[in-house]
Amino acid sequence: MEKSKPDLELGSPGESSLGLLPTEPPARPAWSSKAQYILAQVGFSVGLGNVWRFPYLCHQNGGGAFLLLYLLLLFVIGIPLFFLELAAGQSIRQGSIGVWKHISPRLAGIGFASCVVCSFVALYYNVIIAWSLFYLGHSFQYPLPWESCPDAPNSTQMEPECARSSPTTYFWYREALDVSDSISEAGGLDLTLTSCLLGAWSLVCMAMIRGIKSSGKVLYFSSLFPYVVLLCFLIRGLLLDGAADGIRVMFTPKLSIWGDVQVWRQAATQVFFALGLGFGSIIAYSSYNPRGNNCHCDALLVAAINFLTSVLATLVVFAVLGFRANILTQACVGRNTKQLSWLLGNKSIPGLELPVGNLSEFSPSMYSAWYQGVPAGLGMKLKEYEITDCRVEEEMNKGVEGTGLAFIAFTETMTLFPASPFWSVLFFFMLLNLGLSTMLGNMQGILTPLMDNFAPLRRRRTLFTVLSCTLGFLLGLVFMQRSGSYFVAMFDDYSATLPLVAVVACEAVAVAWVYGAERFLSDIEDMLGWRPWKLYSYMWRYGSVLAMLCLLLASLINLCLGHPTYQAWDQAKAAKTKLPYPPWAMAILVSLIVVAVLPIPALYLCQLLREWLAWRGGCPSLEGTLPVAEEEEEESPADPEHSANGYLPVQTDDPPEGGEEARATLLGGSN
């Protein structure tokens, strides 16, 4: 490391004394175009959660009121922290480990924690892609295999489990997952789903192993195709009976939910997952940008596209679910009027009167208004005969949570469409593209920082990529058991939520208080040629940090107050039931959280120890113990062969003259 210049003198052992901008940018591949970069960021941030998690939260938490709350938190937490990660990656031109180690060697654990969280998410996320492949393969049939119930073995009668639930529910739990009754009943591996998981990891590996020569070009299709499908579904959905009812339910505001702390926690968590904060993928992608790229405009653009995509997906989901709920409500009224007709004929319930003489004229709205107006005593007697209210809102609540929205409710609706196999293929191919574009970002969040910081991995990046995907497949086999879907729910609920909040809170503290918010803005000004709004300084120092701490506290309280439960499928009752996690599963759950967060304090303490030993003259500091990779050309989401349009030209085939390779120093320069 060169130290002849005064401004290259290190300050305290644990803190970088330079600005973020390296004196000379490390040789690094660049994006072939700005459009490809934006598509990569959008493709990573817009994922499966936009299609099923956001619509579910919107419906369960006050409709339009939740939209306003989400938008508020997007401005308070999302955009400032998203801009922070973009600017840090673009200025330091390293993955997540290198970025935080550059700010202070004591903070290297933040980058490693991001890698661990990315690894956990990649494990179960690719399982969902495998499920999509399974359904996509079964969509090339007419009629669709989940349109009707199969016959029981050695019988002409309908399968009892299917008769007590529905064809789509039965296909999901029995044909696709063959799910066990609890997480404790592991069962064997499902060979069909295992082959789908192998196919999913093979797709990811092929895209990653070729770098941008394949994965970058794939982004043009995988990022844009879902929008074409969503627009097709929106147009088709708006033409269906009941679509207006679904959209009305979606936008009906319930402002009382603003007083519920859990709703704030869910909205803030969704902001994290929607933008991909804390995963390290944002930093990895932005590190391939030229130094003068307007990352502030990128942050606003990607956040806006992400929010509008969530609203578009919610419109599609509720238009389609409104159509489904309308049909189910009419069927409910038909069943109940037949029962009422029998009761009236037998005079089984004294005082029972109907507002219309001809029961066929009983519309769902008339029936619901009549049912809600019956006296309490009469209502109890009606329930004894299993006569209940029939409302669109109640039918829309059934089967719309998480994976149930895509693999039960939406598939059931598509069976009611003309040419249902076409719509099914379109839908699950869209899910496949959404999942793959996000998985590419997840893998970049894992591979880029590790290859940036460990030279042997970078020199053997192809082998490292193949081994990483192979390990992901082998570890993913735990999700291919009959109890695998319960492990997916565990990972989804606990492996990323708390660790991500902790990681992003540490990122905000690192920039705002360790490095200095004003100093960071000055570095951005040197990089862009203009100074971003001073509001960001206040948000990074106070608003975002306080919001992170409140969210972390609320999540811990929510975890500790009640025993964590999961939703299981009871085969005998053909119904969902909530079960508490057994002690061994609780141990796994807690371990996931601890392992993800542990690198932050562990590496901080290790660095303090190294500094103390170095001060005593007995051991080198962290600079010599965490190797920074040799700055050679790497496969990345950026196009190594592109040297036009102002992006950094990079040698892609031949080594530098004289056999010397550039090396990144702790301060981001080269020697």
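In this text the structure is predicted, and so the values were computed from the model without any measurement.

(A) Seen up close, the pairing of strand E2 (residues 575-580). Where strand E1 (residues 565-570) and E2 come together, six bridges link them in antiparallel fashion. The residue bridging Thr565 from the neighbouring strand is Pro580, located in E2. Between E1 and the antiparallel strand that follows it, E2, lie four residues; Ala574 among them carries a positive phi value of about 55 degrees.

(B) Quick peek at the environment of Thr269. Positionally, Thr269 belongs in helix H12 (residues 261-275). In sequence terms Thr269 and Val501 are 232 residues apart; their C-alpha atoms lie 8.1 Å from each other. When residues no more than four places from it in sequence are discounted, the contact partners of Thr269 are Arg53, Thr497 and Leu551.

(C) Geometry of helix H22 (residues 484-495). Between the first and last C-alpha of H22 there are 15 Å, a value that for twelve residues agrees with the 16 Å anticipated at 1.5 Å per step. With nine of its twelve residues buried, H22 lies for the most part within the structure. Here the buried face of H22 lies against helix H6 (108-138), helix H23 (497-528), helix H24 (535-561), E1 and helix H25 (583-597).

(D) Layout of the environment of Leu312. On the secondary structure map, Leu312 appears in helix H14 (residues 295-346). Each C-alpha atom, one on Leu312 and one on Tyr227, is 9.0 Å from the other, the two residues being 85 residues apart in sequence. Leave out the neighbours within four places in its chain, and Leu312 touches Tyr227, Leu230, Leu231 and Leu234.

(E) Structural view of the pattern of salt bridges. Taken as a whole, this structure holds eleven salt bridges when the rule is applied. A salt bridge links Asp245 to Arg248, with the shortest nitrogen-to-oxygen separation between them at 3.8 Å. Taken as a pair, Asp245 and Arg248 lie in helix H11 (residues 243-251) at a separation of three residues, close to a single helical turn. Note on Asp245: relative accessible area 24%, which makes it partly exposed.

(F) Main features of the packing of aromatic side chains. One pass over the full model with this rule turns up 43 aromatic pairs. On the basis of an interplanar angle of 75 degrees and a centroid distance of 6.3 Å, the ring pair of Trp146 and Phe428 is categorised as edge-to-face. Of this pair, Trp146 sits in the loop between H6 and helix H7 (160-164) while Phe428 sits in helix H19 (residues 420-453), and the two are 282 residues apart along the sequence. Residue classification places Trp146 among the buried residues on the basis of a relative accessible area of 1%. For Phe428, a relative accessible area of 0% gives the class buried. Relative to Tyr581, the ring of Tyr566 has its centre 5.0 Å away and its plane inclined at 35 degrees; by these criteria the two rings are tilted. Highlighted residues: Tyr566 in strand E1 and Tyr581 in the loop between E2 and H25, separated in sequence by 15 residues. Each member of the pair, Tyr566 together with Tyr581, is buried. We note Arg236 situated over the ring of Phe417; from NZ or CZ to the ring centre the distance is 5.4 Å. Here the basic side chain of Arg519 rests over the ring of Tyr515, its NZ or CZ set 4.1 Å away from the ring centre.

(G) Region of the structure containing a nonpolar patch on the surface. A grouping of Val509, Trp513, Val514, Tyr538, Tyr542, Leu546 and Leu549 is seen on the molecular surface, where their side chains present a nonpolar patch of about 660 Å² in accessible area. Those elements that provide at least two residues to the nonpolar patch are H23 and H24. For Tyr542, the location among the structural elements is in helix H24. Assessed through its relative accessible area of 40%, Tyr542 is described here as partly exposed.

(H) Inspection of the confidence of the model for the protein at higher detail. Chain-level statistics for the protein give a pLDDT mean of 80 and a share of 83% at 70 or above. At the level of individual helices and strands, the protein shows its lowest average pLDDT in strand E4 (residues 662-663), which scores 34, and its highest in H6, which scores 93. Throughout residues 621-636 the model reports pLDDT below 50, and contacts reaching past four residues in sequence, or to other chains, amount to 68 contacts.

How each quantity is defined
Residues numbered from 1 in each chain as written. Predicted model: local features only at pLDDT ≥ 70, side-chain atom pairs only at ≥ 80, totals over all residues. Heavy atoms only, no water. Pairing = 2+ DSSP bridges. Helix = DSSP H or I, 4+ residues; strand = E, 2+ residues; numbered from the N terminus. Contact = heavy atoms within 4.5 Å. Expected span 1.5 Å × (residues − 1). Buried < 20%, exposed > 50% of the residue type's maximum accessible area, 1.4 Å probe, protein only. Salt bridge = Lys/Arg side-chain N within 4 Å of Asp/Glu carboxyl O. Phe/Tyr/Trp six-rings, centres within 6.5 Å; stacked < 30°, edge-to-face > 60°. Lys NZ or Arg CZ within 6 Å of the ring centre and 35° of its normal. Patch = residues over 30% accessible without salt bridge, like charges linked within 9 Å, V, L, I, M, F, W, Y side chains within 5 Å. Areas by Shrake-Rupley, 256 points an atom, 1.4 Å probe, with all protein chains shown as cover. pLDDT = per-residue confidence, 0-100.

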